[in-house]
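Residue-level structural notes
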Amino acid sequence: MNPEIALYQFFLARLSPDELRRWLGALPNGRALLGELPGGNVGATQLHADAADLLNRHGLLRVAEFWDSLAALRPHYRAEVDALKAKFMPDAGPTKSVDTGATPASPSPPP
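Conventions used here
Residues numbered from 1 in each chain as written. Predicted model: local features only at pLDDT ≥ 70, side-chain atom pairs only at ≥ 80, totals over all residues. Heavy atoms only, no water. Helix = DSSP H or I, 4+ residues; strand = E, 2+ residues; numbered from the N terminus. Buried < 20%, exposed > 50% of the residue type's maximum accessible area, 1.4 Å probe, protein only. Contact = heavy atoms within 4.5 Å. Areas by Shrake-Rupley, 256 points an atom, 1.4 Å probe, with all protein chains shown as cover. Core = buried A, V, L, I, M, F, W, Y, C linked by side-chain atoms within 4.5 Å. Lys, Arg positive; Asp, Glu negative; His and termini not counted. Salt bridge = Lys/Arg side-chain N within 4 Å of Asp/Glu carboxyl O.

With that settled, consider the overall build of the chain. Of regular secondary structure, the chain possesses six helices and zero strands. When the helices and strands of the chain are read in sequence order from the N terminus, they spell out α-α-α-α-α-α. The buried share among the 111 residues of the chain stands at 33%. In the chain, 60% of the contacts between residues at least 6 apart in sequence involve partners at least 24 apart. Accessible surface computed for the chain: about 6,500 Å², of which carbon and sulfur atoms make up 52%.

Among the nonpolar cores identified, the biggest contains 27 residues, and Leu7, Phe11, Leu55, Phe66 and Trp67 are the most heavily contacted of them. Sorting the residues of this core by element identifies α1 (3–14), α2 (17–26), α4 (44–57), α5 (64–73) and α6 (78–88) as the ones contributing at least two each.

This next bit is on the side chain of Lys85. Inspection of the secondary structure puts Lys85 in helix α6. For the buried Lys85, which has no salt bridge, the nearest side chain bearing the opposite charge is Asp68, at an N-O separation of 4.5 Å. Filtering out sequence-adjacent residues up to four positions away, Lys85 remains in contact with Ala64, Trp67, Asp68, Ala92, Gly93, Pro94 and Thr95.

Right under this line is the structure:
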């Protein structure tokens, strides 16, 4: 299956349109991402497909922190997120655990 279609299907099954928009808005450059999505009364199918395409075009699907954030948002589906991540980043390891928020925390400076 096409990786972008697999991501779209995950979004559609696991995130409501409102959840998807809130999560995208919390990502780095989230405001700009939201500005590129259709507004108004667009259906969930179109919104989720456009979001997957947008994330791919912006290169976020090849950034480990993106996947960590998605896994933090849906921790019960970490195995699905890791499988999706492997489609876009075959050499990357599993997602990291993120305790709070939808976006991963900045790394702490060394002691």
